[in-house]
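Structural overview
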Amino acid sequence: MFLLLLIGLVFGLGISWATGAPLAAPMTGEASPGQELYGEHCSSCHGLLGQGTDQGPPLVGAGAAAVDFMLSTGRMPLADPHQPMLRESPRFTRREIDALLAYIASLGSGGPSIPSVDLTQGNLVQGRQLFMENCAACHGADGQGAAVNLGEVAPSLHVATPTQIAEAIRTGPGPMPRFGEKVVDQSDLDSLVRYVYALRSIHDPGGAGLGHEGPVIEGFVAWLAGLGLMILLTRMIGTTT
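Below is a short write-up of the structure. Since the model is a prediction, treat every value here as computed from it, not as a measurement.

**What about the overall build of the protein chain?**
- Counting its regular elements, the protein chain contains 10 helices and 2 strands.
- Sequence-ordered secondary structure for the protein chain, helices as α and strands as β, is α-α-α-α-α-α-α-β-β-α-α-α.
- Across the 241 residues that make up the protein chain, the buried fraction comes to 31%.
- Within the protein chain, contacts between residues at least 6 apart in sequence are counted, and of these 56% link residues at least 24 apart.
- Taken as a whole, the protein chain presents about 15400 Å² of accessible surface, with 64% of it coming from carbon and sulfur.

**Some thoughts on helix α5 (residues 94-107)**
- For α5, built from 14 residues, the straight-helix expectation of 20 Å at 1.5 Å per residue is met to within 8% by its first-to-last C-alpha distance of 20 Å.
- Every buried residue of α5 is listed here: Ile97, Leu100, Leu101, Tyr103 and Ile104.
- Where the residues of α5 are buried, they touch α2 (33-41) and α4 (64-72).

**Let's talk about unusual backbone geometry**
- A cis amide bond links Met76 with the next residue in sequence, Pro77, at an omega value of 0°.
- Looking at the secondary structure, you find Pro77 in the loop between α4 and α5.

**So, the side chain of Ser191**
- Looking at the element boundaries, Ser191 is found in helix α9 (residues 186-199).
- Of the polar contacts made by the side chain of Ser191, one reaches the backbone nitrogen of Asn123; its length is 2.8 Å.
- Excluding anything up to four places from it in sequence, Ser191 contacts Gly122, Asn123, Gln126 and Gly127.

**What to know about the environment of Ala99**
- Structurally, the position occupied by Ala99 is in helix α5.
- Separated by 67 residues in the primary sequence, Ala99 and Ser32 place their C-alpha atoms 8.2 Å from one another.
- Leave out the neighbours within four places in its chain, and Ala99 touches Pro33 and Gly34.

**Focus on the environment of Arg95**
- Along the chain, Arg95 turns up in helix α5.
- Exposure remark for Arg95: the relative accessible area of 73% places this residue in the exposed category.
- Each C-alpha atom of the pair Arg95 and Pro33 lies 9.9 Å from the other, and the pair is 62 residues apart in sequence.

**Thoughts on the packing of aromatic side chains**
- Summed over the entire model, instances satisfying the criterion amount to 2 aromatic pairs.
- Between Tyr38 and Tyr103, the ring centres sit 5.4 Å apart and the planes meet at 50°, which makes this aromatic pair tilted. Of the two residues, Tyr38 is situated in helix α2 and Tyr103 in helix α5; the sequence distance between them amounts to 65 residues. Tyr103 matches Tyr38 in its accessibility class, with the two residues each being buried.

The rules behind each value
Residues numbered from 1 in each chain as written. Predicted model: local features only at pLDDT ≥ 70, side-chain atom pairs only at ≥ 80, totals over all residues. Heavy atoms only, no water. Helix = DSSP H or I, 4+ residues; strand = E, 2+ residues; numbered from the N terminus. Buried < 20%, exposed > 50% of the residue type's maximum accessible area, 1.4 Å probe, protein only. Contact = heavy atoms within 4.5 Å. Areas by Shrake-Rupley, 256 points an atom, 1.4 Å probe, with all protein chains shown as cover. Expected span 1.5 Å × (residues − 1). Polar contact = N/O pair within 3.5 Å; in protein donor to acceptor, adjacent residues only side chain to side chain. Phe/Tyr/Trp six-rings, centres within 6.5 Å; stacked < 30°, edge-to-face > 60°.

Right, here's the structure in full:
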């Protein structure tokens, strides 16, 4: 029996050498680019299968919108899972983010998908009303951002892309509430994103451009200027008497 197996192996090798055809490779389960990136940068906190750990929440069922928002805004991955998630330059290219999205989606479905936004269909008046009712209290009337309760910070909206704005609305990152399609439908979404995106080009409310801070800081500067003028006039009057 051993001799027959040896003859068969030699015969098979001979055919391979004669035809130039490679022998069949063993089933190694070669990892995809997304799986390799996930294993290197994400698995230590989110688990090998996206199930979550004490260091990070589960990604299974989180949805492409949430993952894309965190990766495209540079909030993930974190060098230290205890550090705050702040917007930074993305660590991955668009192609790498897409590869990660595909791999994480293969681990399990669920969660909101990446929303589509058409700014040409948005209504600025409708968007402003939605923003003032739901967003201005935390992000400020001009979208500049502000501190909220428990040490959290509502970031500036002036650098977010339309897709990132829509993703934040749908997924509610951090302390932000999530607005599903039953609360903010597609028409509302287009209008709200259009208004938020337009805020960066709107002139400062109240006049002079002082860091886009609006009338409060401008009034404070005017008060200081008036006080300085009063002191100057007082000194001038004192020297003439």
